[in-house]
Amino acid sequence: MFQHTIAELSQLLQSKSISSVALTRAYIERCESLDTELNCFITLTPELALQQAKAADDRIQSGTSEALTGIPIAHKDIFCSKNIKTSCGSKMLDNFVAPYDATVVERLANAGMVTLGKTNMDEFAMGSSNETSFYGPALNPWDKQRVPGGSSGGSASAVAARLVAGATGTDTGGSIRQPAAMCGITGLKPTYGRVSRYGMIAYASSLDQGGPLTQTAEDAAMLLSTMAGFDERDSTSVDRPVDNYNSELTNKLDGIKIGLPKEFFNQNLDSDIGDNINSAIKILKECGAVFKEIELPNSHLSIPAYYVVAPAECSSNLERYDGVRYGYRCEDPKDLADLYCRSRGESFGEEVKRRIMIGTYVLSSGYYDAYYLQAQKIRRLIRDDFQQAFNDVDIILGPTTPTTAFKLNENMDDPVSMYLSDIYTVSANLAGLPGISIPSGFSNGLPVGMQLMGNYFQESKLLNIAHQYQLQTDWHKQIPGEFKES
Ligand code: GLN
């Protein structure tokens with residue numbers, strides 16, 4: 001049963017072949033027994049899940065259900081969930097119970113989805129490996145000595161091990177696509193502004209965007225249809241109708257023009273991954289797509305620009321955690337300064353502190369022009385490169401990550417090499433563009449991901465190509481041996 005996609009579960013529920021309560025019970029049992037090995041969840045919510053499942057069954061009985069009604073999902077612990085601990089992977093928020101639901105949580109719950117729990121993540125979404133989580137790393141189900149990627153690593157690992165059929169994540173520089181690639185699943189980062197950020201704990205507000213992690217593009221389309229849309233509570237949410245993503249999946253690819261950025265296929269790319277992407281290109285050619293080399297001349301500046309903009313915004317966003325209003329407070333503060341210093345000093349991890357220091361530095365007077373302003377200019381150049389490319393091609397294709405999942409602790413002492421694991425993903429965030437990662441094979445037994453990037457609000461096109469590719473391949477159906485049903 002656990003190999004089923006969301007689309008398949010939907011049919012089983014709607015035809016009353018299974019009940020949501022039975023399905024939810026089965027998933028709860030699976031999570032309780034297998035999560036001790038993977039550490040995908042920070043919090044499991046079995047009582048809430050069964051309550052929602054019961055209500056979903058009533059809706060199905062009374063004929064008022066929707067396609068997603070009764071299907072269990074997990075939320076990255078960055079999304080506020082009413083009356084449930086929402087930690088953002090940090091000791092700072094270990095005692096924080098959210099008083100309201102994030103829009104994403106609310107919309108999926110209104111569609112009748114069942115919340116199984118909150119997934120593990122890098123602290124405040126800062127990381128590429130899940131190792132900065134206060135709760136210890138989630139592990140990669142393909143090899144438990146390795147990281148699942150980050151920061152949405154708990155969500156990716158849970159979907160890959162089939163502890164849940166789908167999960168939510170957020171992507172500031174690659175945190176949906178990179179873990180999806182490393183765990184062998186599908187992950188979509190929508191256009192900035194497509195999905196509401198209300199109730200999504202802020203890391204870098206101009207880059208953060210929520211999206212789905214699923215087995216298939218078809219499932220991602222189903223989740224996005226419900227997650228996306230204007231929300232007046234988020235001033236950056238875009239007031240534009242949501243496409244019917246599922247009805248576009250079956251379009252043929254004849255004549256579709258796909259660009260291959262020459263900067264993405266250089267010596268930094270693991271040669272096995274390069275070969276793998278070339279095989280995927282062959283399949284898409286057989287489906288009728290035509291390929292063209294393109295240039296993204298400023299892409300080598302994306303990591304440096306990102307590591308100025310993201311820390312600058314995080315240093316400002318994380319000011320609110322002061323030990324006064326909510327979150328961690330130190331014992332017996334001497335005075336107000338001591339309260340601020342020790343509350344933050346005792347509860348933020350190393351990486352978060354490093355980012356706050358960098359961010360404060362690049363925004364400080366005397367350095368602002370040299371770093372922050374310069375990074376914003378680079379951001380514009382990167383955006384312009386993409387617009388130029390989209391004059392020629394419909395979609396851009398490349399690898400999602402330069403390597404497959406690395407070993408635990410391999411990059412922890414070397415932040416720069418950790419940062420480089422997002423080299424192919426951050427530019428979409430800097431430009432605000434949508435991107436999807438889909439499984440395209442294996443290298444030494446570890447999943448490889450292929451990335452498609454589109455112009456603004458072209459999610460339908462990305463999902464269509466991804467779906468057509470998944471009709472020709474079965475990489476997305478692979479389940480790590482230990483987690484196959486016996
Ligand atoms: N790895 C990147 C970072 O650490 C991206 C994280 C993200 O997308 N949330 O900032």
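In case you missed it, the structure is sitting above this.
Predicted model only: the values in this text are computed from it and were never measured.

A. Structural detail: the site of the ligand. With respect to spatial proximity, 15 residues lie near the ligand, and among them Gly173, Ser175, Tyr203, Tyr306 and Asp422 are the closest. Glycine 127 is positioned with one of its backbone polar atoms (N or O) 2.9 Å from an oxygen atom of the ligand. Between the ligand and glycine 174 there is a distance of 3.3 Å, counted from an oxygen atom to a backbone nitrogen or oxygen. Look at the ligand: alone it shows 290 Å² of surface, and the protein chains cover 100% of it. More than half of the atoms of the ligand fall within 2 Å of the grid points belonging to the largest cavity. Of the residues assigned to the shell around the ligand, the class counts are 5 nonpolar, 7 polar and 3 charged.

B. Spotlight on the pattern of salt bridges. Applying the stated criterion to the full structure yields 19 salt bridges. A salt bridge links lysine 54 to aspartate 58, with the nearest nitrogen and oxygen atoms 3.3 Å apart. In this pair, lysine 54 and aspartate 58 both sit in helix H3 (residues 46-62), 4 residues apart, roughly one turn of the helix. For lysine 54, a relative accessible area of 47% corresponds to the partly exposed category. A salt bridge links arginine 197 to aspartate 234, with the nearest nitrogen and oxygen atoms 3.9 Å apart. Of this pair, arginine 197 sits in the loop between strand S5 (186-189) and strand S6 (209-214) while aspartate 234 sits in the loop between helix H7 (217-227) and strand S7 (257-261), and the two are 37 residues apart along the sequence.

C. Just the pairing of S6, in detail. With 6 of its 6 residues buried, S6 lies for the most part within the structure. The sheet contact formed by strand S4 (residues 166-171) and S6 spans 6 bridges and is antiparallel. The partner of glycine 169 across the bridge, within S6, is glycine 211. When S5 meets S6, the two strands line up antiparallel, connected through 2 bridges.

D. The arrangement of the pairing of S7 in detail. Burial within S7 is extensive, with 4 of its 5 residues counted as buried. Inspection of the sheet shows S7 paired to strand S8 (residues 290-294) by 5 bridges, in the parallel sense. Opposite leucine 260, over in S8, you have glutamate 293 as the bridge partner. Since S7 and S8 lie parallel, the crossover through helix H8 (residues 271-286) that links them has a hand, and here it is right-handed. Here S7 runs beside strand S9 (residues 395-399); their pairing, made up of 2 bridges, is parallel. Note on S9: the bridge partner recorded for isoleucine 258 is isoleucine 395.

E. View of helix H2 (residues 20-38). Here H2 contains 19 residues, and its C-alpha end-to-end distance of 25 Å stays within 8% of the 27 Å for a straight helix at 1.5 Å per residue. At glutamate 32, H2 is bent by approximately 35°, the largest bend along its length. Turning to H2, the residues buried within the fold contact helix H1 (6-14), strand S1 (41-44), H3, strand S2 (72-76), strand S3 (114-119) and helix H5 (153-160).

F. Quick look at the environment of serine 271. Here serine 271 is to be found in helix H8. Judged by its relative accessible area of 56%, serine 271 falls in the exposed class. Put simply, serine 271 and proline 402 are 131 residues apart on the chain and 9.3 Å apart in space, counted from C-alpha to C-alpha.

So, how was this worked out
Residue indices follow the written sequence of each chain, beginning from 1 at its first position. With pLDDT at 70 or above as the cut-off, local features in this predicted model cover only qualifying residues; side-chain atom pairs require 80 or more to be listed or tallied, and sums for whole chains, interfaces and linings still use all residues. The basis for the side-chain values is all heavy atoms of the structure; hydrogens and waters are excluded. A single heavy atom is enough: if one lies within 4 Å of a molecule or strand, its residue is considered near that molecule or strand. Identification of polar contacts relies on pairs of N or O atoms within 3.5 Å, with a donor-acceptor requirement for protein atoms, meaning one able to donate a hydrogen and the other able to accept it, and with residues adjacent in sequence counted only if both atoms are side-chain atoms. Only the protein chains shown count as cover for residues, and the accessible areas themselves come from Shrake-Rupley with a 1.4 Å probe. Space inside and on the surface of the protein is sampled on a 1 Å grid over the protein atoms alone, with a cavity defined as a set of points where a 1.4 Å probe fits but cannot get out and a pocket as an open set with protein on both sides within 12 Å along at least 5 of 7 lines; lining residues have an atom within 4 Å of a point. In this description, a molecule resides in a pocket or cavity if more than half of its atoms sit within 2 Å of the grid points defining it. In the scheme used here, Gly and all other residues not listed as nonpolar or charged are polar, with Ala, Val, Leu, Ile, Met, Phe, Trp, Tyr, Cys and Pro taken as nonpolar and Asp, Glu, Lys and Arg as charged. We define a salt bridge as a side-chain nitrogen of Lys or Arg found within 4 Å of a carboxyl oxygen belonging to Asp or Glu. Strands here mean DSSP runs of E at least two residues long; helices mean DSSP runs of H or I at least four residues long; both are numbered from the N terminus. Using a 1.4 Å probe on the protein chains alone, a residue whose accessible area is under 20% of its type maximum counts as buried, one over 50% counts as exposed, and one in between counts as partly exposed. The rule for pairing is simple: two strands pair if DSSP sees at least two bridges between them. When the strands point away from the viewer and the path from the first strand over the helix to the second turns clockwise, the crossover is right-handed. Multiply 1.5 Å by the residue count of a helix minus one, and that product is the helix's expected span. Bend, in this description, refers to the angle at a residue between axes fitted to the seven residues ending there and the seven starting there. Contact definition: two residues touch when any of their heavy atoms are within 4.5 Å.

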